[in-house]
Amino acid sequence: MLEKWLTDSTIQTHERVDHWTQALEICAQPLLEAKVITPDYVTAIVQQHQTLGPYFVLAPGLAMPHARPEEGARGMGLSLLKLHQGISFSAGEFDPVDLIIMLAAPDKHSHIDMIAALAELFSSESEMEKLHKANHPEEIKAIIYAF
C-alpha cells in the first residue's frame with residue numbers, strides 16, 4: 001500500500017536542517033510540486049504547532065505533520081524526509097526527530113487505508129528501528145514497501 005504514495009519522488013534524505021520549519025518545507029516540496037498541497041497547508045501546520053505544540057510528533061524520532069483538508073490539501077499524498085541528524089520539534093522526550101512523514105488528504109475519509117498502513121508500520125518496533133537507522137532512499141523503500 002505505501003509504495004503507491006512513497007516513491008523515489010516523495011522520499012528524501014538530508015544530513016541535517018537548522019530548524020524544524022526547514023524540515024517541514026523540505027518534506028512538503030514533493031507534495032507542493034505535485035500540487036497535492038498548497039503553500040497554505042505548510043503554513044497551517046506551522047501555525048498549529050505554535051498554537052497546540054508539536055501535535056504531530058507521534059513517537060520518539062517520528063513526526064507526521066498534517067493539517068485539515070480545507071487548509072490546502074488538494075489530493076492524497078505522503079512525503080518522507082529522513083534526516084541523518086535529528087532536529088528538535090520541542091517535543092520533549094520524543095526529540096530529536098529524524099523521520100518526518102507528511103500526510104495530505106482532501107477529505108476526512110479517503111485516507112483511511114493510508115493511515116491503516118502507516119499505523120501498522122509505526123507499531124512495528126523492529127521496522128521503525130530500521131527506518132531510524134536507514135540512510136538511503138533504497139533502504140527506506142525496502143522497509144516501507146512491506147506495508
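Keep in mind it's a predicted model, so treat the numbers as computed, not measured.

Caption draft 1: Here's a closer look at the pattern of salt bridges. One pass over the full model with this rule turns up 8 salt bridges. Salt-bridge contacts for K82 lead to D98; the nearest nitrogen and oxygen are separated by 3.0 Å. Note that K82 is positioned in strand β4 (residues 77-87) and D98 in strand β5 (residues 97-104), a separation of 16 residues in sequence. Considered together, K82 and D98 belong to a single accessibility category, that of buried residues. Between E129 and K133 there is a salt bridge, with the nearest N and O atoms lying 3.1 Å from each other. With E129 and K133 both in helix α4 (residues 125-133) and 4 residues apart, the pair spans about one turn of that helix. Residue K133 is classed as exposed on the basis of its relative accessible area, which comes to 57%.

Caption draft 2: Structural context of helix α1 (residues 20-33). Here α1 is 14 residues long and its end C-alpha atoms lie 20 Å apart, about the 20 Å a rise of 1.5 Å per residue gives. The largest bend along α1 measures about 30° and falls at C27, with the proline P30 one to four residues further on. Three or more residues of α1 are buried, namely W20, A23, L24, I26, C27, A28, P30 and L31. Against the buried residues of α1 lie β1 (11-14), α2 (39-52), β4 and β5. With its phi angle positive at about 60°, K35 sits one or two positions after the end of α1.

Caption draft 3: Representation of the nonpolar core in the model. Ranked by size, the top nonpolar core spans 29 residues in total, and within it L24, I37, F89, I100 and M102 carry the most contacts. Among the elements of the structure, α1, α2, β4 and β5 are those that each provide at least two residues to this core. With 7 residues, the single largest contributor to this core is α1. In contact with I100, not counting residues within four places along its chain, are A23, C27, A63, P65, S79, L80, L81, L83 and F89. L78, L121, I143 and I144 belong to the second-largest nonpolar core, a separate cluster that totals 24 residues.

Caption draft 4: Representation of the sheet that holds strand β3 (residues 62-63) in the model. The 5 strands lie next to each other as β1-β4-β5-β3-β2, forming an open sheet whose pairing is mixed. The open sheet is flanked by β1 and β2 (57-59), the only strands paired with a single partner. Here 2 bridges tie β2 to β3, and the two strands are oriented antiparallel to one another. In the sheet register, V57 faces β3, and the bridge partner there is A63. Strands β1, β4 and β5 of the sheet are contacted by α1, whose axis makes an angle of about 145° with β4.

Caption draft 5: Structural view of the side chain of E71. With respect to the helices and strands, the residue E71 is situated in the loop between β3 and β4. Engagement of the side chain of E71 in a polar contact is seen with the backbone nitrogen of R68, the distance being 2.8 Å.

Caption draft 6: Molecular detail of the pairing of β4. Counting buried positions over the 11 residues of β4 gives 8, a clear majority of the element. Two elements, β1 and β4, share 4 bridges in a ladder whose sense is parallel. When the bridges of β4 are listed, T13 appears paired with K82. Relative to β5, β4 runs antiparallel, the two sharing 7 bridges. When the sheet's bridge partners are listed, G77 is paired in β5 with A104.

Criteria and thresholds
- Residues numbered from 1 in each chain as written.
- Predicted model: local features only at pLDDT ≥ 70, side-chain atom pairs only at ≥ 80, totals over all residues.
- Heavy atoms only, no water.
- Salt bridge = Lys/Arg side-chain N within 4 Å of Asp/Glu carboxyl O.
- Helix = DSSP H or I, 4+ residues; strand = E, 2+ residues; numbered from the N terminus.
- Buried < 20%, exposed > 50% of the residue type's maximum accessible area, 1.4 Å probe, protein only.
- Expected span 1.5 Å × (residues − 1).
- Bend = angle between axes of the 7 residues up to and from the residue.
- Contact = heavy atoms within 4.5 Å.
- Core = buried A, V, L, I, M, F, W, Y, C linked by side-chain atoms within 4.5 Å.
- Pairing = 2+ DSSP bridges.
- Axes fitted to C-alpha atoms, helices over the stretch in contact; angles between N-to-C directions.
- Polar contact = N/O pair within 3.5 Å; in protein donor to acceptor, adjacent residues only side chain to side chain.

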